[in-house]
Amino acid sequence: MYKIKINNMKFHSHIGVLPEEKITGQRIEIDLIIETNFDFSGKDELSETLSYADFYEITKVSVEHSRVDLIETLAYEIAGKIKEAHQDKIQSVTIHVRKLDLPIDGVLDSTEVEMTR
């Protein structure tokens, strides 16, 4: 068993509770940690692992099409789609979704949700 990590994927999304978040959108960042349920044999072949490009594409398409209110919902959906696509090889998916442009009157870098499925 080993983990695959994809860090700081950046997207423009139209998720959020407020109407302006749905209209103008905002920047989000997503990290994935995919825990496999098999051992790497040491062979230098794609069949011995999972394609990082598949994980990126699932994430990208999910963000582009989502209009949900909550980043929790987005995290849940992405993790579920990744597990479904590779169900025989994935033990768990941990996802971090960060909103960078917040309609909050305060000083902060981001808000983040972490979820494991």
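Residues numbered from 1 in each chain as written. Predicted model: local features only at pLDDT ≥ 70, side-chain atom pairs only at ≥ 80, totals over all residues. Heavy atoms only, no water.

**Some words on the pattern of salt bridges**
Working step 1: Enumeration according to the criterion identifies 8 salt bridges in this entry.
Working step 2: Its salt-bridge partner being E21, residue K99 comes within 2.7 Å of it at the nearest N-O pair. Of this pair, K99 sits in strand β3 (residues 90-99) while E21 is found in helix α1 (residues 19-23), placing the two residues 78 residues apart along the sequence.
Working step 3: The exposure class assigned to K99 is buried, which follows from its relative accessible area of 10%. (Salt bridge = Lys/Arg side-chain N within 4 Å of Asp/Glu carboxyl O. Helix = DSSP H or I, 4+ residues; strand = E, 2+ residues; numbered from the N terminus. Buried < 20%, exposed > 50% of the residue type's maximum accessible area, 1.4 Å probe, protein only.)

**Points about the pairing of β3**
Working step 1: Extensive coverage of β3 is indicated by the burial of 9 of its 10 residues.
Working step 2: Where strand β2 (residues 26-36) meets β3, 9 bridges bridge the pair, whose relative direction is antiparallel. Looking at β3, one finds that D31 is bridged to H96.
Working step 3: Inspection of the sheet shows β3 paired to strand β4 (residues 111-116) by 6 bridges, in the antiparallel sense. Residue pairing for β4: K99 is matched across the bridge by T111. (Pairing = 2+ DSSP bridges.)

**Quick look at a nonpolar patch on the surface**
Working step 1: On the surface, V17, L18 and L70 cluster together into a nonpolar patch covering about 240 Å² of accessible area.
Working step 2: Here L70 is to be found in the loop between α2 (52-65) and α3 (71-85). (Patch = residues over 30% accessible without salt bridge, like charges linked within 9 Å, V, L, I, M, F, W, Y side chains within 5 Å. Areas by Shrake-Rupley, 256 points an atom, 1.4 Å probe, with all protein chains shown as cover.)

**Description of the nonpolar core**
Working step 1: Ranked by internal contacts, the top residues of the largest apolar core, which has 27 residues, are I30, L32, I34, F55, I82 and I95.
Working step 2: Within the residue set of this core, elements represented by two or more residues are β1 (3-13), β2, α2, α3, β3 and β4.
Working step 3: The element contributing the most residues to this core is α3, with 6 residues. (Core = buried A, V, L, I, M, F, W, Y, C linked by side-chain atoms within 4.5 Å.)

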